[in-house]
Structures are given as C-alpha cells and as structure tokens.
Amino acid sequence: MEILVCIKRVPDTSENEITVNKEGTDIEREDLVYSVNEWDNYAVEEAIRIRDKVGGTVTVVSLGSEETEEVIRREMAMGADKGIHLMDPALEGSDGRGIAVALKAEVKKGGYDLVLTGAQADDGAGQVGGMLAAMLQRPFAALVNHIEVTGADTLRIGREIAGGNQEFSEIRLPCVLSIQTGINEPRYVGIRGIRKVASVEIPIHGISDIAVPAETVGKTGARVKRIDYFTPQLGKGAEILEGSDEEIIDKLIEILKSKGRIK
Amino acid sequence: MAPMIAYILHKNGVIDDTALELKSAAEMLEPEAVPVAVVMGSKKDVEGVCQEAARSFATVWKIENEALSYPNAEVIRPLLSRILPKGSIVLMPHEHFSMDLAPGLSICQEAAYLPDAVGFEAREGQSLRAVREEFNGMVRTHVACDLTQGAVITLRPGAFTPNERKDKSGQIIDKTPEAFQEGAPTLQRRFIELVEAEAGDVDITKSEVLVSVGRGIEEQENLEIIHELGKVMGADVSCSRPIVDAKWMEKSRQVGTSGKTVKPKVYLALGISGSFQHLGGIKGSPFMVAVNKNPKAPIFHVADVGVVADILDFVPKLSEKIGEAVK
Ligand SMILES: Cc1cc2nc3c(=O)[nH]c(=O)nc-3n(C[C@H](O)[C@H](O)[C@H](O)COP(=O)(O)OP(=O)(O)OC[C@H]3O[C@@H](n4cnc5c(N)ncnc54)[C@H](O)[C@@H]3O)c2cc1C
Ligand SMILES: Nc1ncnc2c1ncn2[C@@H]1O[C@H](COP(=O)(O)O)[C@@H](O)[C@H]1O
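Residues numbered from 1 in each chain as written. Chains lettered and ligands numbered in written order. Predicted model: local features only at pLDDT ≥ 70, side-chain atom pairs only at ≥ 80, totals over all residues. Heavy atoms only, no water.

J.: A description of helix α3 (residues 96–110) of chain A should follow, citing residues and the corresponding values.
T.: Three- or four-residue spacings in an α-helix give side chains the same orientation, since the helix completes a turn every 3.6 residues. Residues and elements named next belong to chain A. For α3, spanning 15 residues, the distance from its first C-alpha to its last is 21 Å, which sits close to the expected 21 Å at 1.5 Å a residue. Across the 15 residues of α3, 11 count as buried, placing the element largely inside the fold. Residues of α3 that are buried: G96, R97, G98, I99, A100, V101, A102, L103, A105, E106 and V107. Within two residues after α3, G111 carries a phi angle of roughly 60°, on the positive side. (Helix = DSSP H or I, 4+ residues; strand = E, 2+ residues; numbered from the N terminus. Expected span 1.5 Å × (residues − 1). Buried < 20%, exposed > 50% of the residue type's maximum accessible area, 1.4 Å probe, protein only.)

J.: Please set out the site of ligand 2 residue by residue, giving values where relevant.
T.: All names here are of chain A. The local shell around ligand 2 holds 19 residues, among which C6, D40, A121, G126 and Q127 are the closest. Within the backbone of I7, a nitrogen or oxygen atom sits 3.3 Å from a nitrogen atom of ligand 2. The fraction of the free accessible surface of ligand 2 (470 Å²) that becomes covered by protein chains is 98%. Listing elements by their share of the shell around ligand 2, those giving two or more residues are β4 (57–63), α3 and β6 (114–118). Examining the composition of the shell around ligand 2, we find that 3 residues originate from one element, β4, more than from any other. Classifying every residue of the shell around ligand 2 gives 9 nonpolar, 8 polar and 2 charged. (Near = heavy atom within 4 Å. Polar contact = N/O pair within 3.5 Å; in protein donor to acceptor, adjacent residues only side chain to side chain. Areas by Shrake-Rupley, 256 points an atom, 1.4 Å probe, with all protein chains shown as cover. Nonpolar A, V, L, I, M, F, W, Y, C, P; charged D, E, K, R; others polar.)

J.: Tell me about the side chain of D123(A), residues and numbers included.
T.: Within the secondary structure, D123(A) sits in the loop between β6 and α4 (128–136). Looking at D123(A), its side chain comes within polar contact range of the side chain of K8(A), at 3.1 Å. When residues no more than four places from it in sequence are discounted, the contact partners of D123(A) are K8(A), V10(A), R226(A), E134(B) and F135(B). (Contact = heavy atoms within 4.5 Å.)

J.: Could you give me a rundown of the pattern of salt bridges, with the residues and numbers involved?
T.: Residues and elements named next belong to chain B. Per the stated rule, a full pass over the model turns up 45 salt bridges over all chains. We note a salt bridge from R82 to E182, for which the minimum N-O separation is 3.8 Å. Here R82, found in helix α3 (residues 73–83), pairs with E182, found in the loop between α5 (176–179) and β13 (189–195); they are 100 residues apart in sequence, far enough to count as distant. Look at R82 and you get partly exposed, because its relative accessible area is 24%. A relative accessible area of 61% means that E182 is categorised as exposed. When the shortest N-O distance is used, the salt bridge between E218 and K293 registers 4.0 Å. Of this pair, E218 sits in the loop between β14 (209–213) and α6 (223–233) while K293 is found in the loop between β17 (287–292) and α9 (299–302), placing the two residues 75 residues apart along the sequence. Looking at E218, the relative accessible area reads 45%, which means it is partly exposed. (Salt bridge = Lys/Arg side-chain N within 4 Å of Asp/Glu carboxyl O.)

J.: A description of empty space enclosed by the protein should follow, citing residues and the corresponding values.
T.: This structure, assessed with the given rule, holds 3 cavities of 30 Å³ or more. Taken as a whole, the largest cavity encloses approximately 170 Å³ of empty space. For the lining of the largest cavity, the elements supplying multiple residues, two or more each, are β9 (127–134) and α8 (276–279) of chain B. Taken together, the residues of the lining of the largest cavity sort by class into 5 nonpolar, 6 polar and 6 charged. Volume-wise, the second largest cavity comes out at about 50 Å³. Lining the second largest cavity are G118(A), A119(A), G126(A), Q127(A), V128(A), G129(A), G130(A), F140(A), A142(A), S178(A), M99(B) and P103(B). (1 Å grid on protein atoms, 1.4 Å probe; cavity = no way out; pocket = protein on both sides within 12 Å on 5 of 7 lines; lining within 4 Å. Points joined across faces, edges and corners; volume = space filled by probe spheres on them.)

J.: Provide a residue-level description of the side chain of E133(B), including the pertinent values.
T.: Residue and element names in this part refer to chain B. The residue E133 is located in strand β9 in this model. Residue classification places E133 among the buried positions, given a relative accessible area of 12%. A distance of 3.1 Å separates a polar atom in the side chain of E133 from a polar atom in the side chain of R140. Of note is the side chain of E133, whose polar atom sits 3.0 Å from the side chain of R156. E133 has contacts with V118, V139, R140 and R156, leaving out every residue within four places of it along the chain.

J.: Go over the pairing of strand β8 (residues 154–160) of chain A with me, naming the residues and quoting the values.
T.: Residue and element names in this part refer to chain A. Buried residues dominate β8, accounting for 6 of its 7 residues. The pairing of strand β7 (residues 140–149) with β8 spans 5 bridges and is antiparallel. Bridged to I147 within β8 is I157. Taking the residues that link successive antiparallel strands as the turn, the β7-β8 hairpin has 4 residues. (Pairing = 2+ DSSP bridges.)

J.: Tell me about the domain arrangement of chain B, and please be specific about residues and values.
T.: All names here are of chain B. The domain architecture assigned to chain B consists of domain 1 (4–179) and domain 2 (204–326). Distance between the C-alpha centres of domain 1 and domain 2: 34 Å. On the side of domain 2, 8 residues touch domain 1, which itself brings 7 residues to the contact. Where domain 1 abuts domain 2, roughly 560 Å² becomes buried across the two surfaces, and 62% of that area is made up of carbon and sulfur atoms. (Domains from an automatic or database assignment. Buried area = accessible area lost by both parts, 1.4 Å probe.)

As structure tokens, then:
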C-alpha cells in the first residue's frame with residue numbers, strides 16, 4: 001500500500017510555556033522547542049505498522065519553513081521510507097484550506113492509496129484532513145483510533161466518539177483518515193536512528209512542481225486570517241496560595257477540611 | 001442576506017442542548033436573520049426533535065430516512081450540500097461528529113471554514129471577527145473570517161450563552177424528497193457497529209473526591225505518588241487523556257469529552273493544563289484545586305484554589321501532611 005502521512009512542525013506544548021509577544025502579533029517564538037505535532041507522530045507509527053504488515057511504502061510530507069526538514073527527518077528515522085518538503089514563498093500565510101490545496105496536489109502527483117493526517121494540530125483545529133478528502137473526493141473519517149486492512153480496497157476502521165465509545169465502519173480505498181492519539185504506542189527514535197537518515201535527500205517541492213496556482217494558497221487564498229494573539233482573561237481565576245511549601249500545604253489542608261474532605 | 005443554518009444534533013430522539021447555543025450565535029451574526037434548524041435522522045427519532053426545535057426556530061427542515069438512523073458524516077455531507085443554498089452560513093457545535101462532517105462540508109459548499117469559535121466580536125460587512133483558542137487554551141487569537149461565499153462555523157460547546165426562549169411555533173418543512181431526489185449517496189463508508197467503552201474497576205462518575213493526574217507526571221513510575229495521595233485522602237484516582245494514551249491507566253479513568261463525565265464535590269487537577277476537552281467532562285462545578293508548575297496554565301482560570309508547584313515535589317509532601325492530619 002502506498003501511504004502518505006501529512007505532518008506538521010509545531011511548538012512542543014509539553015516543553016514550552018506559550019506566551020504572546022509584546023505587540024500581540026505572534027506567540028513568543030524565541031527559545032521555543034519545536035517537534036512534530038503529537039497526533040501526526042501517531043499517524044506515522046500507524047502507517048509504518050500497516051506497511052510492515054501488507055507491504056508498500058510510507059512517505060511523509062510537510063509544508064513549512066526551512067526548519068521543517070528536521071521533523072521530516074525525524075519521522076524518517078522512525079521508519080518512513082521517503083520525505084517531501086513543501087516550501088514556497090507563495091505558500092506562506094496559508095490557512096487550513098491553502099494547506100489542503102497544496103497537499104491535494106501532492107497526493108495527485110504521488111497517487112497514494114491511503115492518506116493519513118493528525119486529528120488536529122496544536123495550533124490548528126482539525127480541518128486539513130477533512131478538507132483534503134473533500135477536495136480529492138475521497139471518503140474520509142475523522143478521529144480514527146483503529147485500522148485493519150480487510151481487503152484489497154477496504155479497511156475496517158474505528159472512530160472515537162463521545163464518551164470514549166467507538167464507532168466501527170468499513171471504508172473504501174483510496175481514502176483519507178485523521179488519526180487520534182492513543183491508536184498505538186509510537187516507537188522511540190534514538191540518536192542512532194536520526195544519524196542513519198542524516199544524509200538522505202529530501203526533495204523540496206514548490207508550487208510550480210505541483211502545479212498549484214499562487215492565488216489559491218498563501219495569504220491571498222486564505223479566507224480565515226489571524227488578526228492578533230492575546231492572553232485570555234477568564235472568570236475570576238483561582239486564588240493562588242503563596243508561601244513556603246509547608247505553609248501552602250497547611251492552608252490547603254485547612255481548605256480541604258472546611259470542605260469536609262479530610263477529617 | 002445569507003441564509004443562516006443551524007445543524008441540530010440529537011441522540012435517542014432527544015435534542016442536544018447546543019441547539020440553543022447555535023440559535024444565539026446565529027442571532028449575534030445577523031440579528032434580522034431567521035435561522036433555519038436542520039434535523040436529519042430516522043423517522044422514529046426526528047419527529048420529536050423537530051417539534052422541540054420548532055419551539056426555538058421559526059423554520060425547521062426535516063430530512064428523514066432509514067439511511068440516517070446512525071449519523072454517518074459521509075452520508076449526511078452530500079445530502080446537506082444538495083439542500084443548502086450556496087452562500088449559507090452553517091453553524092454546528094464543535095465535537096466528534098462535526099469534526100468528521102464540517103471541514104469537508106465547507107469544501108462542498110465552496111465556503112470558508114471557521115473551526116471551534118469561542119466567541120464572535122464584530123461583523124463588518126462580509127468579514128466576521130471571531131475568537132479562537134490555540135495551544136490548548138494557552139493563547140487566544142482574533143481571526144477575520146470572510147463570509148462572502150458563505151461559511152461553515154463550528155462553535156465550542158458552552159462558549160455561547162444559550163437562548164432559552166421557546167416562543168416560536170415554527171414551521172416544519174419536509175426536505176426529504178429534495179435531499180433524496182438523486183437517490184441515496186453512494187456509500188463509501190459503511191457503519192458497522194458501535195462498541196461502548198469498557199467499564200473499569202472503579203466508576204469515577206460516582207466519586208465524591210477525585211485526585212486527577214495529567215501529563216505533568218512525566219513518567220509512569222511517578223504515578224505512585226498520585227495513588228498514595230488518593231489513598232490518604234480516601235479519594236479515587238482519575239486522569240487526563242495523555243495518561244490513557246500512554247496506557248498508564250485504564251480508559252475508564254479518563255475524564256473528558258472522550259472519557260467519563262464526572263460530578264465530584266472536590267476535584268484535584270495535578271499537572272493538567274485544562275484543555276476544553278478535559279474540562280468538558282467535569283460537571284456540577286466541584287471545588288477545584290489545581291497544582292501546576294506553569295502559573296499561566298489555563299486550568300488556573302477555572303480552579304478555585306491554585307498552587308504553582310512541581311507536583312513531583314509537592315504531592316509527596318502533601319500526602320505526608322494529610323497522612324499525619326488524619327491519623
Ligand atoms: C477529539 C478530542 C477529544 C479529546 N478528549 C479528551 C478527554 O476526554 N480528556 C482529556 O483529558 N483530553 C482530551 N483530549 C486531549 C486534550 O485536547 C489535551 O491534549 C489533553 O487534555 C491534555 O492533557 P494534560 O493537561 O494532561 O496535558 P498537557 O496539556 O500537556 O498539560 C500538562 C500540564 O502539566 C504541567 N506540568 C508539567 N510538568 C509538571 C510538573 N512536574 N509539576 C506540575 N505541573 C507540571 C504543564 O505546565 C501543563 O500545564 C481530546 C482531544 C481531542 C482532539
Ligand atoms: N503545514 C502542514 N504540512 C503538512 N500537514 C499539515 C500541515 N498542517 C496541518 N497538517 C495536517 O493536518 C492535520 C490537522 O491540522 P489542523 O487542521 O491544522 O489542525 C495535522 O495533524 C497534519 O496531519
């Protein structure tokens with residue numbers, strides 16, 4: 001099976017405090033640690049497992065700046081066979097739709113049977129996968145947490161729905177699936193793995209390589225544009241206990257006692 | 001004026017609470033508009049839902065068919081794009097079903113897609129200024145959404161104040177013939193079965209006190225300190241999603257929209273950032289204590305009492321003191 005996994009480089013929220021810059025034009029990007037979007041890492045792991053079972057190749061594609069190459073290489077170290085880097089000044093400032101337009105062109109060019117995306121990106125909202133599927137006129141399922149290859153052109157999939165219940169369906173290939181966390185346990189990538197792929201060439205595709213008209217992507221193509229960033233001020237907020245750990249713990253125990261929660 | 005559509009969710013013949021949130025959002029967008037409620041489902045389910053929707057919406061479009069007895073987005077999307085006028089503004093709640101349906105619908109409608117809006121601020125002509133969250137609520141953004149060719153907008157459940165007024169006796173229009181004029185859509189994704197989440201060893205939905213742990217615990221071995229605190233407090237232990245994804249705890253202990261809905265009296269959130277999917281599983285406004293090393297963590301917006309500390313350090317000390325206090 002020919003599988004394409006779409007991955008995004010994002011600031012790692014478990015490693016960073018995300019704050020707004022002084023002007024409110026962006027988040028503070030200095031000293032941020034970036035990694036591959038958590039959901040996408042699960043998607044790559046799943047693709048590798050499917051390939052190892054039924055054969056074929058796994059390609060990872062990412063649209064982004066120069067540094068995006070790092071995350072492509074990381075996912076190749078994990079076991080993806082090929083990488084593609086989509087980069088072009090015309091793609092800068094794309095909204096979810098613009099990203100999907102470029103990815104669609106890449107899918108057409110490569111002719112993949114199965115396209116996986118993450119269910120959502122940390123700085124996105126779960127839109128690219130569903131848009132991409134509709135543009136390709138291929139069946140789609142969001143929040144997939146189980147995949148079984150059941151035939152030459154069918155998969156049995158589980159979708160996560162409210163309350164942790166699971167909805168099972170049969171879907172036809174070629175299709176697009178957005179992957180939910182927890183579908184598998186992504187393998188660990190060590191320094192040795194990274195070294196192995198350090199010199200593999202990752203082709204860079206610009207919009208002319210994939211025949212995408214400039215006005216359909218980037219800032220011009222965007223229908224939803226960020227105006228500014230701000231820090232939410234919600235409710236009255238928690239009463240923050242101050243003092244030494246001992247003092248804080250005493251206060252907390254008093255509070256819990258008053259709530260009848262400890263005697 | 002663009003047609004305003006509210007896509008109504010329902011389950012077992014009962015209308016979802018979010019319907020009233022869609023109504024108030026529609027009125028914010030266009031005070032003069034007469035939003036149309038769209039209800040799709042099997043005959044058995046839709047009748048009651050349409051009648052309930054008609055108490056809040058002047059017009060209700062009903063689409064009923066056995067093919068709709070289970071809400072399959074791959075069936076509903078093509079049917080919707082047959083009946084929705086081009087240029088419509090379509091509203092629906094942001095949850096598991098709409099994440100499946102909405103992004104693709106915006107492409108079918110050639111409309112903009114504004115996902116997971118938490119507020120509308122202003123409308124200038126065909127540009128809507130809305131508020132969104134990024135990075136699990138750590139920051140918010142204002143966005144401008146171009147409504148020129150219509151839009152599909154999903155709303156964060158609970159973010160828009162519901163319009164409770166039920167003063168309408170709306171007209172129910174059967175749109176089934178129009179939706180199925182070209183027959184049923186070709187089925188590329190066939191629903192097979194629903195598998196309910198497994199019950200675990202404890203039922204956290206009944207717990208009065210929950211000691212809940214998140215990704216801040218860092219390693220599986222560290223969970224011991226959380227269980228110890230649970231023990232000295234006589235509380236049950238629950239968790240956020242990453243703990244379950246890592247297979248460190250059973251799914252039955254996960255609190256949130258894709259886990260359990262809990263209603264404790266006291267909730268201790270330890271190393272949990274406070275994403276809306278997590279908070280969505282906590283009902284009945286418990287007294288909430290949050291311990292987090294990041295003073296800007298969104299959980300502090302909703303907690304009653306906060307401690308800025310490293311849980312690996314703080315929790316063992318807390319357990320020890322409580323242990324002494326209850327002796
Ligand atoms: C469709 C969908 C459904 C979802 N359903 C759920 C759900 O049901 N339940 C759920 O929980 N999530 C759910 N999620 C995931 C959700 O979006 C968040 O990713 C998740 O809740 C984050 O969990 P967390 O707060 O434990 O981790 P993080 O967001 O990573 O937060 C960890 C927190 O710990 C703090 N911290 C780190 N180290 C320490 C330390 N040593 N001491 C103190 N604090 C520390 C950090 O400052 C941070 O605030 C869902 C997501 C999607 C897309
Ligand atoms: N710049 C990008 N390059 C490649 N894939 C992307 C990009 N942005 C988003 N995606 C994919 O779309 C998914 C959902 O992202 P979003 O719609 O932004 O929340 C991600 O998990 C990725 O799989």
